[in-house]
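Structural description and commentary
What follows is the residue order along each chain.
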Amino acid sequence: MTRGVYSALWLLALPVVLGRLWWRGLREPGYRQHLGERLGMYGHRDAGWHTLWVHAVSVGETRAAEPLIDALMKAYPDSRIVLTHMTPTGRATGKALYAKHGARLVQSYLPYDLEWLVRRFLRFFAPRICILMETEVWPNMVAACRRQQVPVALVNARLSERSLRRGQRFGGLMTEAARAITLVAAQTDEDAQRVRALGATEVAVTGSIKFDVVVPQAALDTGAWLRTRAGERPMLLCASTREGEEALILDAWQAMASRPEGMLLAIVPRHPQRFDEVAALVGARGLSLQRRSQLGEAEVSADVLLGDSMGEMFAYYAACDCAFIGGSLLPLGGQNLIEACALARPVLVGLHTFNFSQATDEAIAAGGALRVRDAAQMLEQGARLLQDRGARATMGQRAAAFAGAHKGATLRTLELVMPLIH
């Protein structure tokens, strides 16, 4: 596919995309807010700033960007950062996470990938660099940056075999975009090889910035508070679960022959629009449920605690005794297990972790994580760890040691990015 054909298809699809955006806004009102930004329309320009642009598509990338954004703020005290997103959950996460930077951090949605919309964005903000987090490469955006002589750095980059095959199906389109990227800072050697296979030329391996995330004290305090609400009940956390997984977990929970006395199952769905859906799944099985959002000062006495709050994943990890990382029971690629490891929690993962394969494999090899074949085995292993304080402590210590041994990617990335900022 050529970029001309790609742009024509985008133009034809734009009314449908906007209609779908409005429809999604029925469940998530955030999709109906700031619509003009998605079309490159902004208010009064706040001139006088040197601007650095960081794009973090959704929640995971927004949280992962924190060490790099903090480092950029320190290295460039006279600059501001424009942080762009594609989802309202990512934007909400950024608003909470980066309030500490005040007016020096501005949030916006990324315009849709038509070059004339991206040019509006570039003219308005005049960024000195475009820093893309992890996987987010849009052909027209990269081309517009190149024409405007804005260097593009893809950092904390990861690319699975599946994503590589998908990109190669688009032929010259993704190859052109990859070749136009000024610099790629990849998480692993395997990611670097796949990015090169896609067409990128300037590729370095820096590790994952996610290892450098500092756990906020407020999250630890909230976690301690949640722990007091649960009392002495052993807590198994199912974090970042995806559609289809909760039903498997709940069915396996009901089928368990025995479980530790008072065992509490905490479920935190990956996407907030599914909170009510998961609550309904719990109710349909006759299990009792309490919501985090309605907990107040009540004790957690239900079978299931539903984590229906945003921006509190660190707090849930701090409160639990053992954590299962979702997206891995079904072929969805898994989620980031680093945060749980950093808090010295023993980690369980399913068979499908191709989006985070190296970090997961290394955590398992270090003895901080354990792979399970299905929901039943996950609950069985979780119950075993909840009953064995010594095994739980040892596995948690190994998880923390694994996370600590991989720090430093932020500094390595910053050293590569700074020469590009003009």
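Position labels on residues start from 1 in each chain and follow its written sequence. The predicted nature of this model means local features are confined to residues of pLDDT at least 70 and side-chain atom pairs, given and counted, to a pLDDT of 80 or more, with totals for whole chains, interfaces and linings taken over all residues. Values reported for side chains reflect all heavy atoms of the structure, with hydrogen atoms and water molecules removed beforehand.

To continue, consider the state of the cysteines. A pair of cysteine sulfur atoms is labelled a disulfide when the two atoms are within 2.5 Å. This model, assessed by the stated rule, comprises zero disulfides. No disulfide involves Cys145; its sulfur sits 4.5 Å from the nearest other cysteine sulfur, which is in Cys130. Relative accessibility decides the category of a residue: with a 1.4 Å probe and only protein chains considered, values under 20% of the type maximum give buried, values over 50% give exposed, and everything between is partly exposed. Residue classification places Cys145 among the buried residues on the basis of a relative accessible area of 0%. Left without a disulfide partner, Cys320 is nearest to the cysteine sulfur of Cys322, which lies 7.0 Å away. For Cys320, a relative accessible area of 3% corresponds to the buried category.

A pair of packed helices is characterised by two quantities: the angle between their axes and the separation of those axes. Angular values range over 0 to 180 degrees, each being the angle between N-to-C directions of two axes fitted as lines to C-alpha atoms, with helices fitted over their stretch in contact. Only DSSP runs of H or I reaching four residues or more are called helices, and only runs of E reaching two or more are called strands; each is numbered from the N terminus. Axis separation between helix 11 (residues 245-255) and helix 12 (residues 275-284) bottoms out at 10 Å; the angle between their running directions is 25 degrees. When the axis of helix 11 is compared with that of helix 12, the two are roughly parallel. Like other packed secondary-structure pairs, helix 11 and helix 12 cross with a definite hand, here right-handed. For the pair helix 11 and helix 12, the contacting residues are Glu246, Ala247 and Leu250 in the first and Val278, Leu281 and Val282 in the second. Orientation labels follow simple angle bins: below 35 degrees gives roughly parallel, above 145 gives roughly antiparallel, 65 to 115 gives roughly perpendicular, and whatever is left gives oblique. By definition, turning the near helix anticlockwise from the far helix through less than a right angle yields a left-handed crossing, and turning it clockwise yields a right-handed one. The contact criterion used throughout is that any non-hydrogen atoms of two residues lie within 4.5 Å.

The definition of a nonpolar core used throughout is a set of buried Ala, Val, Leu, Ile, Met, Phe, Trp, Tyr and Cys residues joined through side-chain atoms within 4.5 Å. Among the nonpolar cores identified, the biggest contains 44 residues, and Trp53, Val137 and Val184 are the most heavily contacted of them. Among the secondary structure elements, those contributing two or more residues to this core are helix 1 (3-24), helix 5 (115-125), strand 4 (127-133), helix 6 (139-147), strand 5 (152-157), helix 8 (172-180), strand 6 (183-186) and helix 9 (189-198). It is helix 5 that contributes the most residues to this core, six residues altogether. Here Trp53 is in contact with Val82, Thr84, Leu110, Phe121, Leu122, Pro127, Ile129, Cys130, Ile131, Met141 and Cys145, once residues within four sequence places are set aside. Counting residues in each nonpolar core, the second largest holds 36 residues, with Ala230, Leu237, Ala239 and Ala318 among its members.

On to the environment of Leu72, then. With respect to the helices, strands and loops of the structure, Leu72 is situated in helix 3 (residues 66-75). The spatial distance from the C-alpha of Leu72 to the C-alpha of Gly367 is 34 Å, given a sequence separation of 295 residues. Those residues in contact with Leu72 that lie beyond four places of it in its chain are Leu52, Val54, Ile81, Ile131, Leu414 and Ile421.

The next point concerns helix 9. In an α-helix, one full turn covers 3.6 residues, which means residues spaced three or four apart are oriented alike. Looking only at helix 9, the buried set comprises Asp191, Ala192, Arg194, Val195 and Leu198. Seen along its axis, helix 9 keeps its buried residues to an arc of 165 degrees; they face one direction. Looking at the buried positions of helix 9, the neighbouring elements they touch are strand 5, helix 7 (161-169), helix 8, strand 6 and strand 7 (203-205). Of the residues one or two after helix 9, Gly199 is the one with positive phi, at around 130 degrees. The arc under discussion is defined with respect to the helix axis, by the directions toward the C-beta atoms.

Turning to the sheet that holds strand 5, a few remarks are in order. Strands sit in the order 3-2-1-4-5-6-7 across an open sheet of seven strands; the sheet is parallel. The outermost strands of the open sheet, each flanked by one partner alone, are strand 3 (105-109) and strand 7. Looking at each pair of strands side by side, their axes are set apart by 20 degrees on average, direction ignored. Of the pairings in the sheet, the one linking strand 5 to strand 6 comprises three bridges and is parallel in character. When the bridges of strand 6 are listed, Ala153 appears paired with Leu183. Here helix 5 sits on the sheet in contact with strand 1 (50-55), strand 2 (79-85), strand 3 and strand 4, set at roughly 160 degrees to strand 2. Each of strand 4, strand 5, strand 6 and strand 7 is contacted by helix 18 (residues 409-417), which is oriented at about 170 degrees to strand 6, the strand it contacts most. By this definition, two strands are paired if DSSP reports at least two bridges between them.

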